[in-house]
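Coordinate inspection notes
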Amino acid sequence: MSIDPDLAGGRLTIDLNALIENWSKMRDHAFPADCGAVVKANGYGCEVEPVVKALSRAGCRVFFVALPTEGLRVRSVAPEATIFVLNGVFDNSQQAFLDGDLTPVLGTVENVRRWIAVAHQQGKAMPCALHIDSGMNRLGFQAGDFETLVHDANVMGQLDVKLLMTHFACADDIGHPKTIAQRELFDKTTRLLPGVPRSAANSAGTWQDKANIFDLARPGTVIYGAEALNDVPNPMLPVVTLEGRIIQIRNSPKGEQVGYGATQTLQRDTRIAYVSVGYADGYQRASSNTGVPLRSVIEKPSQAAFKGHYLSGIGRISMDMCGFDVTDIPPEEIAEGDWIELFGPTIPLDEVAAAAGTIGYELLVGMGQRYARTYIGAE
Ligand SMILES: *Cc1c(COP(=O)(O)O)cnc(C)c1O
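Residues numbered from 1 in each chain as written. Predicted model: local features only at pLDDT ≥ 70, side-chain atom pairs only at ≥ 80, totals over all residues. Heavy atoms only, no water.

**A look at the domain arrangement of the protein chain**
For interface size, the figure often reported is the accessible area lost on association. Taken as a whole, the protein chain is organised into domain 1 (33–224) and domain 2 (240–376). Facing nine residues of domain 1, the contacting portion of domain 2 comprises eight residues. Carbon and sulfur atoms make up 56% of the surface buried where domain 1 meets domain 2, a total of about 840 Å² over both sides. Our count for the contact surface shared by domain 1 and domain 2 stands at zero salt bridges. For the side of domain 1 that touches domain 2, the residue count by class is five nonpolar, two polar and two charged. (Domains from an automatic or database assignment. Contact = heavy atoms within 4.5 Å. Buried area = accessible area lost by both parts, 1.4 Å probe. Salt bridge = Lys/Arg side-chain N within 4 Å of Asp/Glu carboxyl O. Nonpolar A, V, L, I, M, F, W, Y, C, P; charged D, E, K, R; others polar.)

In structure tokens, the structure reads:
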């Protein structure tokens, strides 16, 4: 669904050239291992079709999604790619896997049984990935169960295992001992199936230590310009810019209170610009003027930018709008109908996320359906 910018309160500009540059940087870093791309959650909110088309042009041939429904969307624009479905094969989804030539990531005995039934029906070993839990206690076979599986010739004869994978719990913390322990367990466990390609690292794991990569890197967030590692400067280009349309500029006197809950009392005569973006658009209410501590990062309300000026959020973020203090901008320089940057090249996405007590990922995937979207560098 595309939205007419003249009818929208917020506009997103998604720079596919920057996206390609970010992915290429990861590909070069991962070399000689291969580099895929994680495009789940609608390409981290950037729309899966333009994202997959752009990455395909750049040479990406392996995509990861969470769900079969997402896999079908990838297939519609990437006829030749390998598409892994991380959350496995659900009952009654088998036909979609066949139709879309999707490769399930199997991590339970139930999943394996379900996929083997397809193999019997098709009369051939079926392609799949096997997920090994190396210590996150999320998805995948524990090492002992994996060993049992591998030694079951009836089962293995029905599976064409394309990839062995695991996932790190703490890769965003550089040098975390858990990452090293997980990597060693994965390395040891997977020796039971020599010759099958192996994949362990997300963005953070790939970036911080090449030993984490094995044969195939699985970056997601950095491709979209968000930060992956804690406490180091983000080397990626911003991909997404969000701007809000100013719908009112008002003068409110010192001592007045602003917004729902009257949470903020003005310390000076203040000009407030309201933009037509609110929490219904995924611009999170939690980033209102309180600020939320997050790990070692900033505690301040979300900031915005207008023609080189930094603006502070004022009052609570409402469903359909939020306010910024524009007192220091000369009145002739700013008017109703102008656009304020909420994140993008001036205001890092991750800082707005931190102000809401969350991570850039959540802000990206929560980008709402009411924005007008423009793609730079689309075919
Ligand atoms: C989401 C996901 C990734 C990508 O993670 P990023 O931190 O976004 O790079 C990789 N592997 C698995 C299993 C995932 O679920």
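Don't stop here, the text continues.
**With respect to helix H9 (residues 177–190)**
Over its 14 residues, H9 runs 20 Å from end to end, which matches the ideal 20 Å to within 8%, given 1.5 Å per residue. Where H9 is concerned, the buried positions are Thr179, Gln182, Arg183, Phe186, Thr189 and Thr190. Seen end-on, H9 carries its buried residues on one side only, within an arc spanning 135°. Seen from the open side of H9, the exposed residues pointing more than 90 degrees away from its buried face are Pro177, Glu184 and Lys188. Elements that come into contact with the buried residues of H9 comprise helix H7 (143–150), strand E8 (159–165) and strand E9 (198–199). (Helix = DSSP H or I, 4+ residues; strand = E, 2+ residues; numbered from the N terminus. Expected span 1.5 Å × (residues − 1). Buried < 20%, exposed > 50% of the residue type's maximum accessible area, 1.4 Å probe, protein only. Arc of directions from axis to C-beta.)

**Comments concerning unusual backbone geometry**
In this chain, phenylalanine 31 is followed by proline 32 through a cis amide linkage whose omega measures 10°. Note on placement: proline 32 falls in the loop between helix H1 (16–30) and strand E2 (34–35). Non-glycine residue asparagine 137 carries a positive phi angle of around 55°. Inspection of the secondary structure assignment puts asparagine 137 in the loop between strand E7 (126–131) and H7. Accessibility expressed as a relative area gives 61% for asparagine 137, which makes it exposed.

**Some words on the site of the ligand**
In the vicinity of the ligand there are 14 residues, among which Lys40, Tyr44, Ser203, Thr221 and Tyr361 approach most closely. A distance of 3.4 Å separates a nitrogen atom of the ligand from a polar side-chain atom of histidine 167. Across the complex, the protein chains shield 93% of the 390 Å² of accessible surface that the ligand would expose by itself. (Near = heavy atom within 4 Å. Polar contact = N/O pair within 3.5 Å; in protein donor to acceptor, adjacent residues only side chain to side chain. Areas by Shrake-Rupley, 256 points an atom, 1.4 Å probe, with all protein chains shown as cover.)

**Considering the packing of H1 against helix H3 (residues 48–57)**
Contact pair H1 / H3: the axes reach a minimum separation of 9 Å and the direction vectors enclose 55°. Taken together, H1 and H3 sit at an angle that is classed as oblique. Between H1 and H3 the crossing geometry is right-handed. Touching Leu16, Leu19, Ile20 and Trp23 of H1 are Pro50, Val51, Ala54, Leu55 and Arg57, all from H3. Counted by class, the contact of H1 with H3 contains eight nonpolar, no polar and one charged residues. (Axes fitted to C-alpha atoms, helices over the stretch in contact; angles between N-to-C directions. Parallel < 35°, antiparallel > 145°, perpendicular 65-115°, else oblique. Left-handed = near helix turned anticlockwise from the far one by under 90°.)

**Focus: the side chain of arginine 198**
Mapped onto the secondary structure, arginine 198 falls in strand E9. In terms of polar contacts, arginine 198 uses its side chain to reach the side chain of threonine 190, at 2.7 Å. In contact with arginine 198, not counting residues within four places along its chain, are Leu163, Leu164, Phe186, Asp187, Thr190, Ile213, Phe214, Asp215 and Leu216.

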